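# Topology and contacts: notes
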Amino acid sequence: MAEKKVALITGASQGIGKVTALKLASCGYDIAINYIGREDDAKEVKKECEAFGVEAEIFEFDVTNVEAVNAGIEAIHKRFGRIDVLVNNAGITKDGLFLRMTPDQWNAVININLTGAYNVTHPVVKIMMKQRVGSIINMSSIVGVMGNAGQANYSASKAGLIGFTKSLAKELGSRNIRVNAVAPGFIKTAMTAGLDNNEIYQHIPLRRMGEAEDIATVIKFLAEDATYVTGQVIGVDGGLVV
């Protein structure tokens, strides 16, 4: 019997992270569910993943806390024995015009969205290098490609992830570790709940917002099927950036 594959998804208690966890569970992956402060939601994701006949476990750690991350990754490796897929999904927004943006707003977004990805990826790469196989998928954004007024901090963090992705792809390819990024457009999540849809639709060729399932499908492709794809940024935006 082939050894099961294991996927770690950060920020997996809700939204795109949750749907990604369920998508990979449906493909037979055992799932490590990272969360912070939403234990009931994380437990529900675990239950839904296990309904696919796989093993799932929740691991609470803050991606900005290096010691907590290292302990969390060690616990995941001890529990499952390997990590085949890492999805760096944890992220926040603290929007505001740049002239009014405080250092706290800037640092919070950079620390979670960008530095958090470094913190988690660093120990995971060591595991993947020993396995000589792995797939790392970073959650970027179209605003990391084209920018957006009122989101200088968020855009910078997501553009940083693109550079991080391309650099790691070059470093790790010889070890059979692929590194790619997904750049969602406007997706129906809690983050976009307050937006004016009619205004948004005018700029999207497909004239609709995406679903979390659309993102999870591309993540599954990059994790499972795209064995000759690395260093790429896949836009999932309905044609917003063409």
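Residues numbered from 1 in each chain as written. Predicted model: local features only at pLDDT ≥ 70, side-chain atom pairs only at ≥ 80, totals over all residues. Heavy atoms only, no water.

## As for the pattern of salt bridges
- Tallying each qualifying case throughout the model produces 12 salt bridges.
- With a shortest N-O distance of 2.8 Å, Arg 79 and Glu 55 are connected by a salt bridge. One end of the pair, Arg 79, is in helix α3 (residues 66–80); the other, Glu 55, is in the loop between α2 (39–50) and β3 (56–60), with 24 residues separating them in the sequence.
- You can call Arg 79 partly exposed: its relative accessible area is 34%. (Salt bridge = Lys/Arg side-chain N within 4 Å of Asp/Glu carboxyl O. Helix = DSSP H or I, 4+ residues; strand = E, 2+ residues; numbered from the N terminus. Buried < 20%, exposed > 50% of the residue type's maximum accessible area, 1.4 Å probe, protein only.)

## Observations concerning a nonpolar patch on the surface
- Together, Phe 98, Leu 99 and Trp 106 make up a nonpolar patch on the protein surface, roughly 400 Å² of accessible area in all.
- Within the fold, Trp 106 resides in helix α4 (residues 103–131). (Patch = residues over 30% accessible without salt bridge, like charges linked within 9 Å, V, L, I, M, F, W, Y side chains within 5 Å. Areas by Shrake-Rupley, 256 points an atom, 1.4 Å probe, with all protein chains shown as cover.)

## Quick look at the pairing of strand β1 (residues 6–9)
- Neither face of β1 is exposed, since Val 6 and Leu 8 on one face and Ala 7 and Ile 9 on the opposite face are all buried.
- In the classification by handedness, the crossover that spans β1, the intervening helix α1 (residues 15–26) and the parallel strand β2 (residues 30–35) is right-handed. (Right-handed = clockwise from strand over helix to strand, strands pointing away.)

## So, the sheet that holds β2
- Here seven strands make up an open sheet; going across it, the order is β3-β2-β1-β4-β5-β6-β7 and the pairing parallel. Both edges of this open sheet fall to β3 and β7 (233–236), since each of them pairs with a single strand only. Each strand of the sheet is rotated relative to its neighbour by a mean of 20°, with strand direction disregarded.
- For β1 and strand β4 (residues 85–88), the ladder comprises three bridges, and the chain directions are parallel. (Pairing = 2+ DSSP bridges. Axes fitted to C-alpha atoms, helices over the stretch in contact; angles between N-to-C directions.)

## Regarding α3
- Taking 1.5 Å of rise per residue, 15 residues should cover 21 Å, and α3 covers 21 Å from first to last C-alpha, within 8% of that figure.
- Of the residues making up α3, those classed as buried are Val 69, Gly 72, Ile 73, Ile 76 and Phe 80. On an axial view of α3, the arc spanned by its buried residues comes to 100°, and they lie on one face. The outward face of α3, more than 90 degrees from its buried face, is lined by the exposed residues Glu 67, Glu 74 and Lys 78. (Expected span 1.5 Å × (residues − 1). Arc of directions from axis to C-beta.)

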